[in-house]
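Next come the chains, spelled out residue by residue.
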Amino acid sequence: MIFVPASLLVTGGAGFIGSNFIHSYMAGNPGCRVTNLDCLTYAGNLKNLTALEGNPNYRFVKGDIGDAAVVARLLAEQCIDAVVHFAAESHVDRSITGPEIFVRTNVLGTQILLEESRKHWQSGVVADFRFLQISTDEVYGSLGDTGYFTEETPLAANSPYSASKAGADLLVRAYHETFGMPTLNTRCSNNYGPYHFPEKLIPLLIHNIINKKPLPVYGDGLNVRDWLHVRDHAVAIEAVLKQAAPGAVYNIGGNNEWKNIDIVNLVCDLLDGRLGRGAGENRTLITFVKDRPGHDRRYAIGASKLTSDLGWSPAYTFEQGIAETIDWYLANQEWVADVTSGAYLAYYHSQYGGGAL
Ligand code: NAD
Ligand code: TYD
């Protein structure tokens, strides 16, 4: 049976994937109310959502998932019947230099969100309810040259980021097993696309190439990631939210493995022509640097359960998706300049006067 929520609480909706999800979901479900709870860390940018300003079904609330009172109030006031939980600290390198906030947001924040959701769901004010935890293939650890992660692969997280996501995933599982709460859990591979913060590999490459800055490649550049367009991720999340059985876990992936150095070369080459530079010119910016500590060698995700159960498969080819992404960054240099200068942080204050909503 299809579950169609009437009032969604999206956490972390001002970030990369959350904002793409809100655009995609609201376009396909114009009658659904969406409340976006985001505390606007460095990664949250309301400019990702300007197209929705004035939409009566969309509401932004500046607040922390770790603030139980705010969460409880929103769940009750908005009569929330589904939580889609993106809010997190998401960058592996930052988790190595400062792990504490990762545990606070990703583990404790998720527990508080779960607990308030449990009380709300058990109060019976909504007929049906879902809590969808957005997670990552990184919880499964690292692969050798062959094989791929399935939903049964044991969790073996290696970085403080992935360990904190694994902790959250286990709490979500525990709320289903212990309380019977209708939770769902998706684990997706590396996303790329518009509104991606330029600390992550692909937007960092585009930004540095445009500005003729070095392109740092960690270690030997032979680590492998599976890349999925963020809009394909958004469509998969919607399918799981509406169709999956409570308690289910689904992997989401693009069947699109790339060695880092091959991605770097590709992005360099695609930008040579677009920037009016000679063939091979951008590759001269490539700089091999010291490896990331504990750098997972290879991620590869088996998403056949999602395809066979729910009929999802990616719509983007990588060729189309990466070309469109590069063109989006070239056309949105103002967005990139705002993000890299930090000016976007002032946007909220100019729009909302700096007060809490
Ligand atoms: P992001 O860093 O771009 O955005 C995170 C958002 O969460 C930001 O808007 C931030 O302000 C908000 N946030 C952080 N702490 C918060 C708190 N305490 N309360 C409220 N809001 C808070 O992240 P992303 O890349 O969009 O990732 C979103 C989710 O998807 C994360 O849970 C991540 O683990 C998961 N994921 C990401 C990828 C990827 O490739 N980026 C892949 C798989 C899964
Ligand atoms: P990243 O985008 O940080 O995602 P994740 O670590 O979650 O997979 O990195 C993708 C890959 O690119 C990863 O193997 C690390 C590597 N990388 C570089 O080589 N140089 C860089 O500057 C960055 C940010 C990442």
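As the structure is a computational prediction, the values presented were derived from the model and not from experiment. (Residues numbered from 1 in each chain as written. Chains lettered and ligands numbered in written order. Predicted model: local features only at pLDDT ≥ 70, side-chain atom pairs only at ≥ 80, totals over all residues. Heavy atoms only, no water.)

K.L.:
Quick rundown of the site of ligand 2? Include the residues and the values.
P.N.:
Around ligand 2, the structure places 16 residues, and the nearest of them are E138, P216, R225, R292 and H295. Within the side chain of R225, one N or O atom sits 2.8 Å away from an oxygen atom of ligand 2. Between ligand 2 and N260, the relevant distance is 2.9 Å, taken from an oxygen atom to a side-chain nitrogen or oxygen of the residue. Notes on ligand 2: free accessible area 510 Å², of which the protein chains cover 96%. Only α6 (201–210) and β8 (215–218) provide two or more residues apiece to the shell around ligand 2. The leading source of residues in the shell around ligand 2 is β8, at 3 residues. Residue composition of the shell around ligand 2, by class: 6 nonpolar, 5 polar and 5 charged. (Near = heavy atom within 4 Å. Polar contact = N/O pair within 3.5 Å; in protein donor to acceptor, adjacent residues only side chain to side chain. Areas by Shrake-Rupley, 256 points an atom, 1.4 Å probe, with all protein chains shown as cover. Helix = DSSP H or I, 4+ residues; strand = E, 2+ residues; numbered from the N terminus. Nonpolar A, V, L, I, M, F, W, Y, C, P; charged D, E, K, R; others polar.)

K.L.:
If you had to explain the environment of Y329 to someone new, which residues and values would you point to?
P.N.:
Position of Y329 relative to the elements: it lies in helix α10 (residues 318–331). Each C-alpha atom, one on Y329 and one on G193, is 9.1 Å from the other, the two residues being 136 residues apart in sequence. With near-sequence residues (within four places) excluded, Y329 lies in contact with G193, P194, Y195, H196, P203, I206, W335 and V336. (Contact = heavy atoms within 4.5 Å.)

K.L.:
So, the site of ligand 1: which residues are in play, and what are the values?
P.N.:
Near ligand 1, the surroundings consist of 28 residues, among which I17, D38, S90, Y161 and K165 are the closest. Take D38: an N or O atom from its side chain is 2.5 Å from an oxygen atom of ligand 1. Within the backbone of T41, a nitrogen or oxygen atom sits 2.9 Å from an oxygen atom of ligand 1. Taken by itself ligand 1 offers 840 Å² of open surface, and the protein chains cover 97% of this. For the shell around ligand 1, the secondary-structure elements that each account for two or more residues are α1 (16–28), β5 (130–136), α5 (160–179) and β7 (190–192). With 3 residues, the single largest contributor to the shell around ligand 1 is β5. Split into classes, the residues belonging to the shell around ligand 1 amount to 13 nonpolar, 12 polar and 3 charged.

K.L.:
Report on the nonpolar core, specifying residues and quantitative values.
P.N.:
Formed by 39 residues in total, the largest nonpolar core has its most connected members in L8, F21 and V84. If one sorts the elements of this core by residue count, helix α7 (residues 230–243) sits on top with 6 residues. Not counting the four nearest positions on each side in its chain, L8 is found in contact with F21, Y25, C32, R33, V34, T35, I80, A82, V84 and L241. By size, the runner-up hydrophobic cluster in this structure holds 31 residues, among which are Y42, I209, V217 and I326. (Core = buried A, V, L, I, M, F, W, Y, C linked by side-chain atoms within 4.5 Å. Buried < 20%, exposed > 50% of the residue type's maximum accessible area, 1.4 Å probe, protein only.)

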